[in-house]
Protein chains: 2
Amino acid sequence: MDEFALIERFFRRTPRRPQTRLGIGDDCALLRLPADRVLAVTMDTLVAGVHFFPDVDPEALGHKVLAVNLSDLAAVGAEPVWGFLALTLPRVDTDWLERFAGGLFELAGRYRVDLAGGDTTRGPLTVTLQASGWVPERQALKRSGARPGDGIYLSGWLGDAGLGLKMLQGEVTWRDPDTVARLLRPEPRVELGLALRGLAHACIDVSDGLAADLHHLLNASGVGGTIEWEALPLSPAMRRYLTEGGDWRLPLQAGEDYELCFTMPPWREADLERRLPSGGVAWHRIGTIEKQDGLRITKGEKVTALPAVGYRHF
Amino acid sequence: MDEFALIERFFRRTPRRPQTRLGIGDDCALLRLPADRVLAVTMDTLVAGVHFFPDVDPEALGHKVLAVNLSDLAAVGAEPVWGFLALTLPRVDTDWLERFAGGLFELAGRYRVDLAGGDTTRGPLTVTLQASGWVPERQALKRSGARPGDGIYLSGWLGDAGLGLKMLQGEVTWRDPDTVARLLRPEPRVELGLALRGLAHACIDVSDGLAADLHHLLNASGVGGTIEWEALPLSPAMRRYLTEGGDWRLPLQAGEDYELCFTMPPWREADLERRLPSGGVAWHRIGTIEKQDGLRITKGEKVTALPAVGYRHF
């Protein structure tokens, strides 16, 4: 099977968006942007043996490579619209491709994301996806808008993806399927990102760990903050891990949660509740933005500095 | 050096375009598109050991990964504006990165392309670049517009990149620096693509070889065509190769020329000459579009079918 037959069989679908003027099949895709929107663009790479186990379920990989990019779009409050896929494969394995495309298009379909182009090449298994969407420019969320007095908020459970990794690696001897699923099949918080438009002052997605990513947000905003250990949303599995003597830094430093961390004035909480459908993702206030530089954590009476330690890329 | 320091040192530059509302440094880039333009988007991957020698001059690699994408933009008549880079590296080598970024930004600067984001990861050396630009929708060139009676045209020299590869591999025992440079540092035909707006009926960039890519254009347009061997633009080096008994199919089937192949009514030639600056790339009429399906080549009196054989990706 040559590259063109492969694209035709697995990746070419009829575009869902009228703004996709030309999709897969020419030298470029041609995309139209509504006049009152700016384009939000992000790109993430997953490498076999670094970001995923080479024998990973390809359906989960197809889901994840789109999910981690939709998470970045959610962090700026953008509606996802397009994807471009650069897929490098050691060989053509039709069963693998079928399942990979299945996972990718299941998530893409849920948000009406058109796969509008890309490249398939031979080489060590690597998947790069570039996702784009749109947002009214003045409503785009940035890392840089946090203000003293804002609450610090977090969606979902904290650190479960990192705990799931420990389960897969055997460092934790028991397994919880929900926890492992949060590593392998993260859910991008698209609806939350859209609901935060005009409410949140700053937002970031937690991919390198809360401590590292919250530091990025604080630095970009020129502020500091304190989070409360007792307020952190820890799953039953994480509580068991910690009760059994696990490292208390894990939830703060483990990457790949792909939850949103955002700041807003606490009186806005009721507005956010009204905007979000019930049954959607939970969110919790975990701390407060302050004038004083740096990130601190309180545990009972004790306040300690929380360094910017997280996932290291090199 | 962590990922953030690496990006800051080598890849973050002040955006040149006012439409780059937010560049490197947040979860997404935010880009504004002029109201009368559509966005043209392409993405290409180069893998070490497949698309380039692992010990390639990183400066040439930085140039090439942008050039091959700008070539796709040229093929649709788009003005290049933005790039996103996914760079996978086995380790951080600052000298290598310095040179790679130098090659990339030299070409980017020439066309005022803003590098607006991307991802750097650890893994086998692989470079994916996604480039985008804009074009008035009705002037966008496609593969599908060729009409019987159109001339078939080609820019530059045919097959030199393939001959350059044979020189590097030692299959050709003599070397010509210009020929090797056409493989390692292809020049995207941006000005030609812009000049073809409203003149060309169809256009494609020759990346997999003339025979394969012209077949794509003919099939997309629902027409056929005949090219003339005597009209093919062969460089002095290619003529020497052929005179010394080289394979006559090389210029027709070798990939990576990144020249433009386009069709237009021959009476438009004078218009195109007027639009292009002197000293720019040469272009030649190499054949004619016909109603009859398929691609043929005439050599003296003899007409033979030219199959769609070219670079195979798998």
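Cut-offs used in this document
Here, residues in each chain are numbered from 1, in the same order as that chain's written sequence. Chains and ligands are labelled sequentially in the order written, the chains with letters from A and the ligands with numbers from 1. With the structure being a predicted model, the display of local features is reserved for residues of pLDDT at least 70 and the display and counting of side-chain atom pairs for 80 or more, all residues being used for whole-chain, interface and lining totals. In computing side-chain values, all of the structure's heavy atoms are included and hydrogens and water are not. Any two strands with at least two DSSP-identified bridges between them are counted as paired. For the purposes of this entry, the term helix denotes a DSSP run of H or I that reaches at least four residues, the term strand denotes a run of E that reaches at least two, and both are numbered from the N terminus. Here the term buried applies to any residue with accessible area under 20% of the maximum for its type, exposed to any over 50%, and partly exposed to those in between, with areas from a 1.4 Å probe on protein chains only. Under this definition, polar contacts are N or O atom pairs within 3.5 Å; protein pairs additionally need one hydrogen-donor-capable and one acceptor-capable atom, and for neighbouring residues in sequence, both atoms have to be side-chain atoms. What makes two residues a contact is simply this: any of their non-hydrogen atoms within 4.5 Å. In this description, buried area is defined as the sum, over both parts, of the accessible area (probe of 1.4 Å) that is lost when the two are combined. We define a salt bridge as a side-chain nitrogen of Lys or Arg found within 4 Å of a carboxyl oxygen belonging to Asp or Glu. In this classification, Asp, Glu, Lys and Arg are treated as charged, Ala, Val, Leu, Ile, Met, Phe, Trp, Tyr, Cys and Pro as nonpolar, and every other residue, Gly included, as polar. In what follows, a disulfide is any cysteine sulfur pair within 2.5 Å. A least-squares superposition brings the copies together, and it is based on the C-alpha atoms of residues with pLDDT no lower than 70 in both.

With that out of the way, let us pick up the pairing of strand β11 (residues 283-290) of chain A. Residue and element names in this part refer to chain A. Pairing analysis gives five bridges linking strand β7 (residues 151-155) to β11, with the strands arranged antiparallel. Note on β11: the bridge partner recorded for Gly151 is Thr288. Relative to β11, strand β9 (residues 224-228) is paired through four bridges, and the arrangement is antiparallel. Across the sheet, the residue bridging to Gly225 is Ile289, located in β11.

Here Asp26 of chain B shows up in the loop between β1 (20-22) and β2 (29-31). Given a relative accessible area of 16%, Asp26 of chain B falls into the buried group. Engagement of the side chain of Asp26 of chain B in a polar contact is seen with the backbone nitrogen of Arg143 of chain A, the distance being 3.0 Å. Excluding its chain neighbours within four sequence positions, the residues that come into contact with Asp26 of chain B are Val76, Lys142 and Arg143 of chain A.

Let us now look at the pairing of strand β12 (residues 294-299) of chain A. Residues and elements named next belong to chain A. Relative to β12, β9 is paired through five bridges, and the arrangement is parallel. Looking at β12, one finds that Glu228 is bridged to Thr298. Pairing of β12 with strand β13 (residues 302-305), which is carried by four bridges, proceeds in the antiparallel orientation. Residue pairing in the sheet places Arg296 in a bridge with Ala305 of β13.

Our next topic: the interface of chain B and chain A. Chain B puts 59 residues into the contact, and the matching count from chain A is 59 residues. Taking both sides of the interface into account, the surface hidden between chain B and chain A amounts to around 5200 Å²; carbon and sulfur atoms contribute 61%. Where chain B touches chain A, the interface holds eight salt bridges. Linking Glu137 of chain B and Arg21 of chain A is a salt bridge whose minimum nitrogen-to-oxygen distance equals 2.5 Å. For the pair chain B and chain A, the interface holds 21 residue pairs in polar contact (both at pLDDT 80 or more). The dominant element in the side of chain B that touches chain A, judged by the number of residues it contributes, is strand β3 (residues 38-47) of chain B, at nine residues. Of the residues contributing to the side of chain B that touches chain A, the split by class is 29 nonpolar, 14 polar and 16 charged.

Scanning all chains against the criterion turns up zero disulfides over all chains. A disulfide-free cysteine, Cys28 of chain A has its sulfur positioned 10 Å from the sulfur of Cys203 of chain B, the nearest such atom.

With that settled, consider the relation of the copies chain B and chain A. Mapping chain B onto chain A leaves a residual RMSD of 0.0 Å; the transformation is a rotation of 180° accompanied by 0.0 Å of translation along its axis. In the structure described here, the two chain copies are related by an operation that fits a two-fold rotation axis. The C-alpha atom lying nearest the rotation axis in chain B is that of Ala35 of chain B; the distance is 3.0 Å. Same-surface contact between copies: 100% of interface residues of chain B are shared with the interface of chain A.

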